[in-house]
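So you can see what is in the structure, the chains are spelled out below.
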Amino acid sequence: MTELFHRYLDPVEGFQESSAHSPDRSKPFPARETGGPLAEGYDPSSHELLLDSLGERIAVVGLDYRYIYTNKRNAEFHAKSPSDFVGKHLGEMIEADRFHDRAKPKLDKCFSGQTVQYDYRIADLMGRIYDVNCRMTPFLGPDSKIAGAVIVLNMHPSLARVG
């Protein structure tokens, strides 16, 4: 995870400062430089390939509710590529009501240091229903301070039908 932190958040490792806020809310949020493999498409490191090999959907969200990382399985669920998520606010990628009513309160608990786990049901783009177990674990930066949340979504097909 430290490698991913440096790849996506460290200004020395390919980011420039912008006017948005960073995960610690005191520094500007890093903006992606134009050019380079991630700006053009998906160029996974060995760490990302490992996370792409898992059956779960995985994302890392910063304290500003912006995606730091998402694995390929999570991106494919949304019919996007992993690079489409980096720097985007979670509220842009899921419905605003779901963000405000469910995700944000749970993320806020996680940002305070708690591991949060809950279940919900969701339809994919084809209308298939899944039971989802969501686990949010505090994501620690290189300084051992909470920099966000690691979100692991374990999905199982549901017997319920879209009606």
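All figures in this text were calculated on a predicted structure; none of them were measured in a lab.

Would you mind showing me how to read the sheet that holds strand E5 (residues 116-123) here?
Within a sheet, neighbouring strands are paired by backbone hydrogen bonds and run either parallel or antiparallel to one another. Pairing within the open sheet is antiparallel, and its five strands lie in the order E4-E3-E7-E6-E5. Since the sheet does not close on itself, it has two edges, and those belong to strand E4 (67-70) and E5, each with one partner. Direction aside, neighbouring strands of the sheet carry axes that sit 25° apart on average. The pairing of strand E3 (residues 57-62) with strand E7 (residues 146-157) spans six bridges and is classified as antiparallel. Across the sheet, Ile-58 pairs through a bridge with Val-152, a residue of E7. Against the sheet, helix H6 (residues 96-111) touches E3, E5, strand E6 (129-140) and E7, its axis set at about 160° to E5.

Looking at this model, I keep getting lost on the side chain of Ser-158. Mind explaining?
Summarising the element assignment, Ser-158 is placed in the segment after E7. A polar side-chain atom of Ser-158 sits 3.2 Å from a polar atom in the side chain of Arg-121. Filtering out sequence-adjacent residues up to four positions away, Ser-158 remains in contact with Arg-121, Ile-129, Tyr-130 and Asp-131.

Teacher, can you tell me more about empty space enclosed by the protein here?
One way to see where empty space is left: roll a probe the size of a water molecule over the atoms. In this structure the tally under the stated criterion is two cavities of 30 Å³ or more. Roughly 210 Å³ of volume is contained in the largest cavity. Lining the largest cavity we find 18 residues, and of these Leu-90, Ile-94, Arg-98, Tyr-120 and Leu-153 sit closest to its centre. For the lining of the largest cavity, the secondary-structure elements that each account for two or more residues are E3, H6, E5, E6 and E7. Per-class residue counts for the lining of the largest cavity are 13 nonpolar, two polar and three charged.

How should I be thinking about the environment of Phe-77 in this particular structure?
Positionally, Phe-77 belongs in helix H4 (residues 72-77). Linking Phe-77 and Asp-124, residues 47 residues apart in sequence, is a C-alpha distance of 6.8 Å. If near-sequence neighbours (up to four positions away) are discounted, Phe-77 is found in contact with Arg-57, Ile-122, Ala-123, Asp-124, Leu-125 and Met-155.

Calculation notes
- Residues numbered from 1 in each chain as written.
- Predicted model: local features only at pLDDT ≥ 70, side-chain atom pairs only at ≥ 80, totals over all residues.
- Heavy atoms only, no water.
- Pairing = 2+ DSSP bridges.
- Helix = DSSP H or I, 4+ residues; strand = E, 2+ residues; numbered from the N terminus.
- Axes fitted to C-alpha atoms, helices over the stretch in contact; angles between N-to-C directions.
- Contact = heavy atoms within 4.5 Å.
- Polar contact = N/O pair within 3.5 Å; in protein donor to acceptor, adjacent residues only side chain to side chain.
- 1 Å grid on protein atoms, 1.4 Å probe; cavity = no way out; pocket = protein on both sides within 12 Å on 5 of 7 lines; lining within 4 Å.
- Points joined across faces, edges and corners; volume = space filled by probe spheres on them.
- Nonpolar A, V, L, I, M, F, W, Y, C, P; charged D, E, K, R; others polar.

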